[in-house]
Every structure is written in C-alpha cells, then in structure tokens.
Amino acid sequence: MFNDKKVLITGSDGFIGSHLADTLKNNCRDLFCIDNINGEDLCNEDYVNTLPDIDIIFHLAARNGTKWFYEQPFSVLDNCTTPTLNLIKRYKNSNVKFIYASSCEIYADSTEAGLNKIPTSEDVSVLFSNPKNLRWSYAAGKYIGELAVMSAAREFNLNYLVLRYHNIYGPRQVDHFIPEFYSRLKDGDCSLRGWENTRAFCYISDAIEMTLRAAKNNKVNDSVIHIGDDKEVSIKEVAEIILDISGIDQKLALNNAPEGSVSRRCPDLTLAKDLDIYHNAISLREGLIKTIEELK
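Report on the accompanying structure.

Attention now goes to the side chain of Asn116. Of note, Asn116 is situated in the loop between helix H5 (108-112) and helix H6 (136-156). Using a relative accessible area of 8% as the deciding quantity, one classes Asn116 as buried. At 2.7 Å, the side chain of Asn116 and the side chain of Ser110 are in polar contact. A polar atom in the side chain of Asn116 sits 3.1 Å from the side chain of Thr111. Leaving out residues up to four positions away in the same chain, Asn116 has contacts with Tyr107, Ser110, Thr111, Val124 and Ser125.

Take a look at the structure:
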C-alpha cells in the first residue's frame, strides 16, 4: 500500500485514527502514531519540531464531540487549530503529503440558511452567522485548518489534501449520537433529540478504504474531497433500527434538536465516485449491528 513510505498519524488513538493505524501498521515502511492520550502534545511547538521526517501525514487529531463544543469551546477551538499550524511549520519545507481531516460540520450554518443544495458539493459556501453559538468552536476550527493548509500550499508549496468526513460511525466511537443514544436506552431513557433531522451515515471501514484511496490518488492533490455515503436517513429511522437490533421494546420520546443542529446533511459524492474513491460495502443496518455489539 505505502510500503516505501514513512507515515505519521495524529489522533492515532481516536476513532478514525485508531482504525487507520490498524490498517496501516503492516502496510507502510514506518508508521509513527501520535495522540495526546499518550502525553504527545501537538499544541507544544517544541515537541512538534522533534517529529521525524516523513512522507505522508494523516492529521486527524482534534477535540470532537458535540457536548464539548458547548462545554469546553476554547479547548475545542485550540485543539482544532494550534496543532495544525505547528505541523505546517514543521513540515513546510519538506516533500510531505499533508492530509488534513476536516468535517461536514462546516456546512451546517450555510445549509440551514438555504445557501447549499442537498446533496452538498465540496465547493459550496461556508457561513458562521452567529459567532455566539459556541457550536461553531469545532466547525470554525476545522475551517481554519483548511485555510491553513491551503495558505501553506500557496506560500510554501505544501502538498495537501483535505478530506471532509460525513457522519462516520462504528466501533470505538464516543461522544456521538449512536453510542450516546444506545447508552441512554440501556438506562431506560428513550428520549431522542432532532428526530426529524437527516444524515448520511458511513461505516468506519468504508471511510478508511476511501481515505486510503484518496491518499494514493494523485489526481486529487491540493484539493478537497468528501468521505462518506450519500444514502440519507432520518435520525428517527436510525434510532428505530437500534431499538430493533437491541431487542428493546420501548417507545421513543421525540424532542427538538439543539440550537445550531443542521436539519439535513448529505454529501455530493460525484467527485469521489468519478475518481474511484467511493466505497460502500457495509449497509447501515449491518454497520449498526457491528457498532452496538461492541457497546453491549
């Protein structure tokens, strides 16, 4: 796969990062894994400057989880921006391929304002209309990261690729709708916020396959591409599948979504499909079975 490459993964103990590390550990020349859970602080520029020379970096490290957007917004913003700037400074004069993990969350406000079509393409407008809504601590941080790598490409000839992930789910995930909802179910709480909202969920193994296909495809250098699926489904439908496969016979208590939650989200995957990056091997029901099995 990358047998002649030295690869660095940041956020390697996180959800996407750990699955990517599992896939690459025997499929590259050298694999370097970094995560703040191990005391490796990418916000510390001195530490970042000690990192080895590499060929490819998958920069996945960030503070994610919707509750943290509201409860610890500065920490979220800091961890979405400072590591990215430090890593760019470290590798700006090298031949590294800098693969930056962004998020569909950056589309939320402009989609709600009616500026974006659904499915949403990579070139739509981005909007943060209410800076007092602390939900944007994550989305704005991710967008600043995108601007940083694109600016570095202009100023330092950095070779970059931005991957915007869309509602990836699966085993090992925390602080996300699916594990949080199942955890509440086990405690007898069937409340469901934002039940009418729709998403297009993508199982983690499909997301990893698309990530690697994009990384190997030189036609998408210095560009932005969606990683996800385009089968839109309501949150209520997902909750009902979880109830069914869990054997929990209870009625959902339907509640409104929190402020800033986008009502619809579905990526346009035309570019991914045209470049043979798109991959879909796991259905939503099959993926939920695998995910819930780990949580039991």
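When the terminal C-alpha atoms of helix H11 (residues 284-295) are compared, their 17 Å separation across 12 residues agrees well with the 16 Å that a helix rising 1.5 Å per residue should span. By the burial criterion, the buried members of H11 are Gly287, Leu288, Thr291 and Ile292. One side of H11 carries all its buried residues, which in axial view fall inside an arc of 125°. Residues of H11 that are buried in the fold lie against strand E6 (168-169), helix H7 (177-186), strand E9 (202-203) and helix H9 (235-246).

Note on strand geometry: in a regular strand, side chains alternate between the two faces of the sheet. Counting buried residues along strand E10 (residues 223-227), five of its five residues qualify, which places the element largely inside the surrounding structure. Going residue by residue along E10, you find Ser223, Ile225 and Ile227 tucked away on one face and Val224 and His226 tucked away on the opposite face as well. Pairing geometry for strand E5 (residues 159-165) and E10, over five bridges, is parallel. Each residue of the ladder has a partner; that of Leu161, found in E10, is Ser223.

Throughout the structure, instances matching the rule amount to six aromatic pairs. Taken together, a centroid distance of 6.4 Å and an interplanar angle of 55° make the contact between Phe128 and Tyr143 tilted. Residue Phe128 is located in the loop between H5 and H6, and its partner Tyr143 is located in helix H6; the two are separated by 15 residues in the primary sequence. Look at Phe128 and you get partly exposed, because its relative accessible area is 28%. Taken together, the ring pairs connect Phe128, Trp136 and Tyr143 into an aromatic cluster. Here the basic side chain of Arg63 rests over the ring of Trp68, its NZ or CZ set 4.5 Å away from the ring centre. Sitting over the ring of Tyr278, Lys273 keeps its end group 4.9 Å from the ring centre.

What counts as what
Residues numbered from 1 in each chain as written. Predicted model: local features only at pLDDT ≥ 70, side-chain atom pairs only at ≥ 80, totals over all residues. Heavy atoms only, no water. Helix = DSSP H or I, 4+ residues; strand = E, 2+ residues; numbered from the N terminus. Buried < 20%, exposed > 50% of the residue type's maximum accessible area, 1.4 Å probe, protein only. Polar contact = N/O pair within 3.5 Å; in protein donor to acceptor, adjacent residues only side chain to side chain. Contact = heavy atoms within 4.5 Å. Expected span 1.5 Å × (residues − 1). Arc of directions from axis to C-beta. Pairing = 2+ DSSP bridges. Phe/Tyr/Trp six-rings, centres within 6.5 Å; stacked < 30°, edge-to-face > 60°. Lys NZ or Arg CZ within 6 Å of the ring centre and 35° of its normal.

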